[in-house]
Amino acid sequence: MRDGKASGVDQQKHQGPRVSPMREVQRAEVSLMLTKHSGLRAEAEITNRGLLSVGALVSSILLSTAVLVHVAVLAGRRRR
């Protein structure tokens, strides 16, 4: 590459991640007034992949909590 031109592989490294033009983004917005002069406003955006990741994390946390409760109940019965 003495002529200064980068190969196709090198060019892809420097372009950054490719985003699909059909990328679907889920959006949510909430506005809540607590009193006459104070309130809360929040916005969130998440892609479908991010939503699946959050779902997997929440389900694994719930599953591990259920296992811990089951083990604690069994240990409590053994003490009696």
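Preceding this paragraph is the structure being described.
Since the structure is predicted, the reported quantities are computational estimates derived from the model, not experimental observations.

**Student:** Tell me about the overall build of the protein, and name the residues and values.
**Tutor:** If you tally the helices and strands in the protein, you get two helices and two strands. Sequence-ordered secondary structure for the protein, helices as α and strands as β, is α-β-β-α. Put simply, the protein has 80 residues, and 1% of those count as buried. When the accessible surface of the protein is summed, it comes to about 7,900 Å², and 59% of that surface belongs to carbon and sulfur atoms.

**Student:** Let's hear about the pairing of strand β2 (residues 39-47): which residues, and what values?
**Tutor:** Pairing of strand β1 (residues 25-33) with β2, which is carried by nine bridges, proceeds in the antiparallel orientation. If you follow V30 over to β2, its bridge partner there is A42.

**Student:** Got a sec to walk through a nonpolar patch on the surface? Specific residues and values, please.
**Tutor:** A cluster of nonpolar side chains, contributed by L32, L34 and L40, occupies part of the molecular surface with about 310 Å² of accessible area. Owing to a relative accessible area of 44%, L32 belongs among the partly exposed residues under this scheme.

**Student:** Just give me the short version of the pattern of salt bridges, but keep the residues and values in it.
**Tutor:** Tallied over the full model, the rule gives three salt bridges. Linking R41 and E29 is a salt bridge whose minimum nitrogen-to-oxygen distance equals 3.4 Å. Remark: E29 occurs in strand β1 and R41 occurs in strand β2; sequence separation between them is 12 residues. Each member of the pair R41 and E29 is classed as exposed.

About the cut-offs
- Per chain, the residues get numbers from 1 upward, laid out in the order the sequence is written.
- Per-residue local features are limited, in this predicted model, to residues with pLDDT of at least 70; the limit for side-chain atom pairs, both in listing and counting, is 80 or more; totals at the level of whole chains, interfaces and linings are taken over all residues.
- Note: side-chain values were computed over all heavy atoms of the structure, leaving out hydrogens and water.
- Starting at the N terminus, helices and strands are each numbered in turn, a helix being any DSSP run of H or I of at least four residues and a strand any DSSP run of E of at least two.
- Relative accessibility decides the category of a residue: with a 1.4 Å probe and only protein chains considered, values under 20% of the type maximum give buried, values over 50% give exposed, and everything between is partly exposed.
- What sets the accessible areas is the Shrake-Rupley method with a 1.4 Å probe; for residues, cover comes only from the shown protein chains.
- Any two strands between which DSSP finds at least two bridges are classified as paired.
- For patch building, the residue pool is restricted to those with more than 30% relative accessible area and no salt bridge; the joining distance is 9 Å between like charges and 5 Å between nonpolar side chains (Val, Leu, Ile, Met, Phe, Trp, Tyr).
- When a carboxyl oxygen of Asp or Glu is within 4 Å of a side-chain nitrogen of Lys or Arg, the pair counts as a salt bridge.

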